[in-house]
Amino acid sequence: MSVTTAPETLSAERHSAELRKAVIAATVGTTIEWYDFFLYGTAAGLVFGKLYFPNEDPLSATLAAFATYFIGFVGRPIGAAIFGHYGDRIGRKATLIATLMAMGIATFLIAFVPTYASIGIWGAVLLTILRIVQGIGVGGEWGGSVLIAMEWSRTHGSRGLIASWPQFGVPSGLFLSNLAVLAFSAWSGDQFLVWGWRIPFALSIVLVGIGLWVRLGILETPVFQKLVSEQKIVRAPIAEVIRRQPKEIILSALVRLSEQAPFYIFTAFVFSYGTGTLKLSRDLILSAVLVASLVSFVSIPLFGHISDRIGRRRMYLIGAAVMGLFGFLYFGMLDTAIPSAVFIAIVLSLIPHDMQYGPQAALIAEAFTPRLRYSGASLGYQLASVIAGGPAPLIATALFAAYHSGYAVAIYILACAAISLIATAFMPDYTGMDISAEYDEDG
């Protein structure tokens, strides 16, 4: 186990320095992981349907491409179970190094997958296998990155802000992935479908090297060190958390519906909708999503900080309610097909998402007792991938095909928000409370 320095022996200055290192390591690592994950989503909307399912009509090809995209979400709960087990058994740090390696290598290999023209359907098969590995890697990443930062927090009143920094990896990864695609789209021009799209995937290996260097330099969290010293490590944490805190696992998944499903509509489905239905340029959509991710650089930590002031649950309820209404404004602006209106709609789209995503890490992680926290938080968080994030582009595509209106997708977003509002109302709120001691049987 990577436990070398007892937290009580650290000076206040050293503790603050270790907190900064942990936050940086968590944020850099999640940025790389999400760069890899989002890169696939962008390529699914722009490239994979054409290259790996060329014999399908455009709608069927898009659905097939998003089906391989969905497979990655199926892998995320598997990754949560695998890495959650080791995160609660051997520590947060060692587990996070393994998740980064799994994700990075899979993404790098995607750059070399032959197309349908070269090896037929086997190209799509290889793509699907690597997508599953991506999902397993990112499935174990979130819980560890949040805990490596949050469990170094020196005060109970700042955990919302501190835990929001690993969430910052989402807009950072989204920004970098879209910037890479935009840059190589411009550079490769009409060769983008031939080789230009592959370069951003190949570059991920460089980012993995940076991430490993940063993560190897951090210490294990004080909370996990305390669990080791008190001999409270659980032999089978996944089974134990399912037995002890099933309600928190289920609620954690349901509160994410109003955040995760719209997010993948706003950042993945929008590419096929914008370029295919609205006949807008690929670069316009890429640029708008890029700017939206820049807005999130401010809004995610801001709403995490606000949750420290007004409470995690209250901030989340406000965000879910705003999201339920925003879908109608979003598609109303998109359907004008006016480039400026579409650009503004996309830029604004991540703000209601961030109202939930900022406080979400602390809201979910705090709900689980320390010795089961990695497993419980990871399971709850990643189960949403199967019911929310993964199906969202597929559902949105199918709804538009059936009703020929973006407002059908807006109603879907509203339904997700309604479910999350109910689930959030039942979610425990530990804002400002001590989370280092074991919880009782009722959580």
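Residues numbered from 1 in each chain as written. Predicted model: local features only at pLDDT ≥ 70, side-chain atom pairs only at ≥ 80, totals over all residues. Heavy atoms only, no water.

(A) Inspection of the overall build of the protein at higher detail. Broken down by element type, the protein carries 20 helices and zero strands. Compactness check: the protein gives a C-alpha radius of gyration of 21 Å against a globular reference of 22 Å for 443 residues, within 12% of the reference. Expressed as a percentage of its 443 residues, the buried residues of the protein come to 61%. Across the protein, the fraction of contacts at a sequence separation of at least 24, relative to all contacts at a separation of at least 6, is 87%. In the structure as shown, the protein presents an accessible area of about 15500 Å², 71% of it carried by carbon and sulfur atoms. For the protein, the distance from the average position of its 28 positive side-chain charges to the average position of its 27 negative side-chain charges is 2 Å. (Helix = DSSP H or I, 4+ residues; strand = E, 2+ residues; numbered from the N terminus. Rg over C-alpha atoms; globule rule 2.2 N^0.38 Å. Buried < 20%, exposed > 50% of the residue type's maximum accessible area, 1.4 Å probe, protein only. Contact = heavy atoms within 4.5 Å. Areas by Shrake-Rupley, 256 points an atom, 1.4 Å probe, with all protein chains shown as cover. Lys, Arg positive; Asp, Glu negative; His and termini not counted. Charge placed at Lys NZ, Arg CZ, Asp CG, Glu CD.)

(B) Unusual backbone geometry, seen in detail. Look at Gln 231: it is not a glycine, yet its phi comes out positive at around 55°. A positive phi angle, close to 60°, is found at Ala 337, a residue other than glycine. Inspection of the secondary structure puts Ala 337 in the loop between helix H16 (312-334) and helix H17 (339-365).

(C) View of the nonpolar core. Counting 121 residues, the largest nonpolar core has Phe 48, Ile 265, Phe 331 and Leu 334 as the members making the most contacts within it. Top contributing element to this core by residue count: helix H1 (residues 12-52), with 18 residues. Among all residues touching Ile 265, those that are not within four sequence positions of it are Val 270, Tyr 330, Phe 331, Ala 392, Ala 396, Val 409, Tyr 412 and Ile 413. Residues Ile 32, Ile 97, Leu 100 and Leu 212 belong to the second largest nonpolar core, which totals five residues. (Core = buried A, V, L, I, M, F, W, Y, C linked by side-chain atoms within 4.5 Å.)

(D) Representation of the pattern of salt bridges in the model. A complete count under the given rule lists twelve salt bridges for this structure. A salt bridge links Arg 92 to Glu 151; its shortest N-O distance comes to 2.9 Å. In this pair, Arg 92 is assigned in helix H3 (residues 92-110) and Glu 151 in the loop between helix H5 (122-150) and helix H6 (159-167), connecting sequence segments 59 residues apart. For Arg 92, a relative accessible area of 0% puts it in the buried group. (Salt bridge = Lys/Arg side-chain N within 4 Å of Asp/Glu carboxyl O.)

(E) Spatial organisation of the environment of Gly 84. Within the secondary structure layout, Gly 84 lies in helix H2 (residues 58-89). Taking the C-alpha atoms as reference, Gly 84 lies 8.5 Å from Leu 372; in sequence the two are 288 residues apart. Those residues within four positions of Gly 84 in sequence are excluded, and the remaining contacts are Gly 79, Tyr 374 and Ser 375.

(F) The arrangement of empty space enclosed by the protein in detail. Applying the stated criterion to the full structure yields two cavities of 30 Å³ or more. Taken as a whole, the largest cavity encloses approximately 60 Å³ of empty space. What lines the largest cavity is simply Trp 34, Phe 38, Arg 76, Val 170, Arg 256, Glu 259, Gln 260, Phe 263, Tyr 264, His 353, Tyr 357 and Tyr 381. Split into classes, the residues belonging to the lining of the largest cavity amount to seven nonpolar, two polar and three charged. The computed volume of the second largest cavity comes to approximately 50 Å³. What lines the second largest cavity is Leu 39, Thr 42, Ala 43, Leu 46, Val 47, Val 181, Phe 192, Gly 196, Trp 197, Pro 200 and Phe 201. It is H1 that provides the largest number of residues to the lining of the second largest cavity, a total of five residues. Classifying every residue of the lining of the second largest cavity by side-chain character gives nine nonpolar, two polar and no charged. (1 Å grid on protein atoms, 1.4 Å probe; cavity = no way out; pocket = protein on both sides within 12 Å on 5 of 7 lines; lining within 4 Å. Points joined across faces, edges and corners; volume = space filled by probe spheres on them. Nonpolar A, V, L, I, M, F, W, Y, C, P; charged D, E, K, R; others polar.)

(G) Summary view of the packing of H1 against helix H14 (residues 257-277). The geometry of H1 relative to H14 is characterised by a closest axis approach of 8 Å and an angle of 30° between their N-to-C directions. By the angle between their directions, the pair H1 and H14 is classed as roughly parallel. Seen along the crossing, H1 lies across H14 with a hand that is right-handed. On H14, the residues that touch Trp 34, Phe 37, Phe 38, Gly 41, Thr 42, Gly 45 and Leu 46 of H1 are Phe 263, Tyr 264, Ala 268, Phe 271, Ser 272 and Thr 275. Looking at the contact of H1 with H14 residue by residue, the class counts come to eight nonpolar, five polar and no charged. (Axes fitted to C-alpha atoms, helices over the stretch in contact; angles between N-to-C directions. Parallel < 35°, antiparallel > 145°, perpendicular 65-115°, else oblique. Left-handed = near helix turned anticlockwise from the far one by under 90°.)

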